[in-house]
Each structure stands twice: as structure tokens, then as C-alpha cells.
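Breakdown of the fold
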Amino acid sequence: MSKKRGLSVEEKRTRMMEIFFETKDVFQLKDMEKIAPKEKGITAMSVKEILQSLVDDGMVDTDRIGTSNYFWAFPSKALHARKRKLEALETQLAESSQKKERLQQSIEKSKIGRQETAERAALIKELAVLRQKKEHLKAEIDKYKECDPDVVEEIRQANKVAKEAANRWTDNIFAIKSWAKRKFGFEENRIDKSFGIPEDFDYID
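None of the values given here were measured: they were computed from a predicted structure. The residue numbering used here restarts from 1 in each chain and proceeds along that chain's sequence as written. Reporting of local features is limited, given that this is a predicted model, to residues whose pLDDT is at least 70; pairs of side-chain atoms are given and counted only at 80 or more, and all residues count toward the totals for whole chains, interfaces and linings. As a convention, hydrogens and water are excluded, and side-chain values are obtained from all of the structure's heavy atoms.

**Considering the overall build of the protein chain**
Secondary structure is summarised from DSSP: a helix means a run of H or I of at least four residues, a strand means a run of E of at least two, and numbering begins at the N terminus for each. Within the protein chain one finds seven helices and two strands. Its helices and strands taken in sequence order, the protein chain reads α-α-α-β-β-α-α-α-α from the N to the C terminus. Across the protein chain, every contact between residues at least 6 apart in sequence was considered, and the portion connecting residues at least 24 apart equals 52%. By definition, residues are in contact when any of their heavy atoms lie within 4.5 Å.

Shown next, in the form of C-alpha cells:
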């Protein structure tokens, strides 16, 4: 035998509203926690959550009197609330329908001149050939870019900066070698060997 399915949230909300409509009375939370499980099969643990959701949606009114909160709902207000919601949904539906119509018109308009014809097919093919040719020419230009005077000058300037930097480091190394010879009395070939300095180490011309 299958287990009985519990009530959904919407079913609980509907049944709780029935309590208000049938009794036309005002309740505290503790009253609802007793009545709802007994008369409508709503678990006591979920009463507060369901009641709050109805308050949030404007279907149930609430007010604090002294230290207690009271809840009530009358059929006339619920009817007006449903009517307002229905009107809002109808307005939303009308706006969506208008938007759909505008989009459909835009789609139909965009199709003009795009019908599949022999002439259009030929133009598309020609466009593809021209794009391929453009890519080929771009690749050719890139190959000869190194011959561009501006590029050559840029490379020349970069080489000059690199050469100056290398010679500055050469200056520094010669200065350190001189200092080491004076300070510690090391021979130059011993310094070169210890620090891996080649015999032909010199400035770059």
C-alpha cells in the first residue's frame, strides 16, 4: 500500500484560506496551529510559514494588538485581490503579445532580400572567395612586414638599446674585477675562471 502523499504548499494555502472564509473570524497564530491540523490536515509545524506567505501576498491581514498578533481574511478582499492579479496578468499577456508581434514583424522584414535565389547564392560564393583572397593578401603583407622602413627602424632602435645595456653590464663586470684584484690581490685569470667569464669577454662594437 502506497504512502499517503503530503499536501503541497499551494494546497495548504488554499485550505488555510478556507478556515478564514468559512469562519469569518479573527485568529492568533496559536489558534491556527490548533485548528489547521485538526480541520484541514495542515501540519502544525508548517502553519506559521504558510500563514506568513499569505500575509506577504496580501491575502491575509494582520495587526498587533498589545502583545499578540491577530490574523483575518474576508472573501470580499480575496476576490478583489484575485481580480487585481488577473488584471495584472492580462496586462502582462497583452504586452507580451504586442512584443511578440513586433518581433515577428521584425523577422519578416529582415527576410526581405534574403530569399534563396541563384543570384544571392552566386553573391555569397563570390563573397567567400573575396574573403579568402583578403586573408591570403594579409598573410603576404605580414611576410614582407620586416622590410617596412618603420619596422626596420624600430628593430634598429631596439638593438641600440640592447647594445648599450650590454656594454653597461660589461663596465660593471670590469669594475668588479678591478676591485677584486685590488682588494684581495686575485689574478685576473683566476677571477675569470671562478665566475665563468670567457677569455674574449669585451665590449660589443
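**Re the packing of aromatic side chains**
One pair of aromatic rings is described through two measures. These are the centre distance and the angle between the planes. Aromatic contacts are taken between Phe, Tyr and Trp rings whose centres are within 6.5 Å, Trp giving its six-membered ring; a plane angle under 30 degrees counts as stacked, one over 60 as edge-to-face, and the others as tilted. Taken as a whole and assessed by the stated rule, the structure comprises one aromatic pair. Considering the side-chain rings of Phe20 and Phe27, the 5.7 Å spacing of their centres and the 70° angle between planes classify their relative orientation as edge-to-face. One exposure class covers both Phe20 and Phe27, and it is buried. Buried, partly exposed and exposed residues are distinguished by accessible area as a fraction of the type maximum, computed with a 1.4 Å probe on protein chains only: under 20%, between the cut-offs, and over 50%, respectively.

**A closer look at the nonpolar core**
Formed by 17 residues in total, the largest nonpolar core has its most connected members in Met16, Phe20, Met32, Leu51 and Val60. For this core, the elements supplying multiple residues, two or more each, are helix H1 (9–23), helix H2 (29–40) and helix H3 (44–56). Apart from the residues within four sequence positions on either side, Leu51 is in contact with Met16, Phe20, Leu29, Met32, Val60 and Phe71. Throughout this description, the term nonpolar core refers to a set of buried Ala, Val, Leu, Ile, Met, Phe, Trp, Tyr and Cys residues connected via side-chain atoms within 4.5 Å.

**Let's talk about H3**
Those residues of H3 that fall on the buried side of the exposure criterion are Ser46, Val47, Ile50, Leu51, Leu54 and Val55. On its buried side, H3 packs onto H1, H2, strand E1 (61–65) and strand E2 (68–72). Phi for Gly58, located one or two positions after H3, is positive at around 75°.

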